[in-house]
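So you can see what is in the structure, the chains are spelled out below.
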Amino acid sequence: MIRYTKPFLDSLENIIAETDYILRYEKGNFKSGYCVLKDTRVILINKFFPLEGKINSLVDIIRQLDIAPDGLSEKSQKRLKEILQAAPAS
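Rules used in this analysis
Residues numbered from 1 in each chain as written. Predicted model: local features only at pLDDT ≥ 70, side-chain atom pairs only at ≥ 80, totals over all residues. Heavy atoms only, no water. Helix = DSSP H or I, 4+ residues; strand = E, 2+ residues; numbered from the N terminus. Rg over C-alpha atoms; globule rule 2.2 N^0.38 Å. Buried < 20%, exposed > 50% of the residue type's maximum accessible area, 1.4 Å probe, protein only. Contact = heavy atoms within 4.5 Å. Areas by Shrake-Rupley, 256 points an atom, 1.4 Å probe, with all protein chains shown as cover. Core = buried A, V, L, I, M, F, W, Y, C linked by side-chain atoms within 4.5 Å. Expected span 1.5 Å × (residues − 1).

Student: Go over the overall build of the chain with me, naming the residues and quoting the values.
Tutor: Helix and strand counts for the chain come out as three helices and three strands. Mapped from its N terminus to its C terminus, the chain presents α and β elements in the order α-β-β-β-α-α. Its C-alpha radius of gyration of 12 Å places the chain within 12% of the 12 Å reference for a compact globule of 90 residues. Counting only C-alpha atoms and orienting by the principal axes, one finds that the chain spans roughly 35 × 30 × 20 Å. Of all 90 residues assigned to the chain, the portion counted as buried reaches 36%. Put simply, of all contacts in the chain between residues at least 6 apart along the chain, 47% involve residues at least 24 apart. Carbon together with sulfur atoms contributes 51% to the accessible area of the chain, which is approximately 5,900 Å² in total.

Quick look at the structure:
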């Protein structure tokens, strides 16, 4: 279940932090609010997006990435499982 709160955003950021990807909030004119540079393993989120937009962008990205749960903390594994089992937003 997706909750649009700062602690939920923090938990998504923690999942990314535990991977090889670097998460950065930058200003930019991203069509969908984010940009994933897979060759350099950098995720850019538009820093001017509202909280809901940042959370939706990170959820979309996490669903696209092939994240191995084995390398995550127990708390992040639980959150990742929640995200992957939740129905994608339409």
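Moving on, there is more to tell.
Student: Can you explain the nonpolar core? Please cite residues and give values.
Tutor: Core analysis: the largest hydrophobic core is formed by 18 residues, its most contacted members being Leu-12, Ile-15, Ile-16, Ile-43, Ile-62, Leu-65 and Ile-67. Of all the secondary-structure elements, those providing two or more residues to this core are helix H1 (6-17), strand E3 (42-46), helix H2 (51-64) and helix H3 (74-85). Apart from residues no more than four positions distant in its own chain, Ile-43 is found in contact with Ile-16, Tyr-21, Ile-22, Leu-23, Arg-24, Cys-35, Val-36, Ile-61 and Leu-65.

Student: Let's hear about H2: which residues, and what values?
Tutor: Relative to the 20 Å expected for 14 residues at 1.5 Å per residue, H2 spans 20 Å between its end C-alpha atoms, a close match to the ideal helical length. Here H2 has its buried residues at Gly-53, Lys-54, Ile-55, Ser-57, Leu-58, Val-59, Ile-61 and Ile-62.

Keep in mind these numbers describe shape, not what the thing actually does.
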